[in-house]
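Coordinates in review
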Amino acid sequence: MTATPVGMTYADYLNLKQLLGAQTPLSDLHDEMLFIVIHQTKELWMKQLLHELRFAVDLVQGDRFAEACKAMARISRIQAVMTLSWDVLSTLTPVDYLKFRNVLGTSSGFQSEQFREIEFRLGLKEPNFLSQYQEGGKERAALEKALGEPSLREASHGALERAGFDLGDGSIEAIAKAWLEVYRDSERWFDLYELAEKLVDIDDALAGWRHKHVLTVERIIGNKRGTGGSAGAPYLRATLDKRIFPELWALRTDL
Ligand code: HEM
């Protein structure tokens, strides 16, 4: 605990001078502020999401399921707010966006370190994305750390193993078989069953965020190429099938 400074104000506590001084549009166009604020608020929510995610992984590793579910419920709510905020951004018309799009240069949400860290810490560990970040830089180091630490996916497999499920070589089939058993006897394995449904909530919400992103992108720039150099909406559409827990989706068919 840090002692409360004498006479501390609301603005002091929240560092508002820094926070509210961090919006620096490069054009004098009205809508650029919205574009900046939406990105910054999403980065703040991602910061909170990562804070909860690291906590949830630790709790699952300690078989503290009720507390882990509480943290994961918060993660899903944060994701819901992040998804809803696309509706504010979609008030940006293609005409108004094109007026300042050039100021973005080659910057793109594709470079969001926190987004990639969330994917890694959930379990979508794709080391190829590291090459986006400068070697020896802070962002690269954060992502390398996340790659080396247990993800929520890996933590959930640990929980299955501690409960006595044999995951063998960790193949998709072995994991799917274990989860299927949990769902087939959900009363016996209630903790794991509840955990699994929270994992699906998070996966579902991430897919929802991706869908709404691509829809907003199509609405604003159609099929133009992205500022980050990708094909744009076609690239984003190709990410829509990504799932962190494919086994938990597959078992719905097999139940
Ligand atoms: C006018 C609004 C937006 C447009 C037109 C747009 C467009 C795009 C495009 C075309 C890409 C593909 C990479 C590229 O070539 O640039 C991309 C990726 C991405 N954008 Fe956006 N975006 C917008 C708003 C946002 C906002 C508000 C966020 C919030 C942080 C965001 C986060 C991301 C992320 C995380 C990726 C990488 C997705 C992945 O690789 O799976 N974008 N965006």
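Please read these numbers as outputs of a predicted model, since none were measured by experiment.

This paragraph deals with the pattern of salt bridges. With the rule as written, the count across this model stands at 17 salt bridges. One salt bridge in this structure joins Arg 54 and Glu 117, with 3.4 Å as the shortest N-O distance. Of this pair, Arg 54 sits in helix α3 (residues 32-61) while Glu 117 sits in helix α7 (residues 113-122), and the two are 63 residues apart along the sequence. Connected through salt bridges with shared partners, the residues Arg 54, Glu 117, Arg 121, Lys 145 and Glu 149 form a single ionic network.

Another aspect to go through is the packing of α3 against helix α9 (residues 152-162). Running from N to C, α3 and α9 cross one another at 15°; their axes reach a closest spacing of 8 Å. Taken together, the axis directions place α3 and α9 in an arrangement best described as roughly parallel. For the pair α3 and α9, the crossing hand works out as left-handed. Across from Leu 53, Val 57, Val 60 and Gln 61 in α3, the residues of α9 making contact are Leu 152, Ala 155, Ser 156, Ala 159 and Arg 162. Across the contact of α3 with α9, the residue classes tally to six nonpolar, two polar and one charged.

Packing of helix α10 (residues 172-184) against helix α13 (residues 246-254) brings their axes to within 9 Å, and their N-to-C directions diverge by 60°. If you check the angle between α10 and α13, you find them oblique. For the pair α10 and α13, the sense of crossing is right-handed. In this structure, α10 contributes Ile 172, Ile 175, Ala 176, Trp 179, Leu 180, Tyr 183 and Arg 184 to the contact, and α13 contributes Glu 247, Leu 248, Leu 251, Arg 252 and Asp 254. For the contact of α10 with α13, the residue count by class is eight nonpolar, no polar and four charged.

The next point concerns the packing of aromatic side chains. Tallied over the full model, the rule gives 10 aromatic pairs. With centroids separated by 5.4 Å and ring planes inclined at 85°, the aromatic side chains of Tyr 97 and Phe 100 adopt a geometry described as edge-to-face. Taken as a pair, Tyr 97 and Phe 100 lie in helix α6 (residues 94-100) at a separation of three residues, close to a single helical turn. Lying across the ring of Phe 129, Arg 116 places its NZ or CZ 3.7 Å from the centre.

Cut-offs used in this document
- Residues numbered from 1 in each chain as written.
- Predicted model: local features only at pLDDT ≥ 70, side-chain atom pairs only at ≥ 80, totals over all residues.
- Heavy atoms only, no water.
- Salt bridge = Lys/Arg side-chain N within 4 Å of Asp/Glu carboxyl O.
- Helix = DSSP H or I, 4+ residues; strand = E, 2+ residues; numbered from the N terminus.
- Axes fitted to C-alpha atoms, helices over the stretch in contact; angles between N-to-C directions.
- Parallel < 35°, antiparallel > 145°, perpendicular 65-115°, else oblique.
- Left-handed = near helix turned anticlockwise from the far one by under 90°.
- Contact = heavy atoms within 4.5 Å.
- Nonpolar A, V, L, I, M, F, W, Y, C, P; charged D, E, K, R; others polar.
- Phe/Tyr/Trp six-rings, centres within 6.5 Å; stacked < 30°, edge-to-face > 60°.
- Lys NZ or Arg CZ within 6 Å of the ring centre and 35° of its normal.

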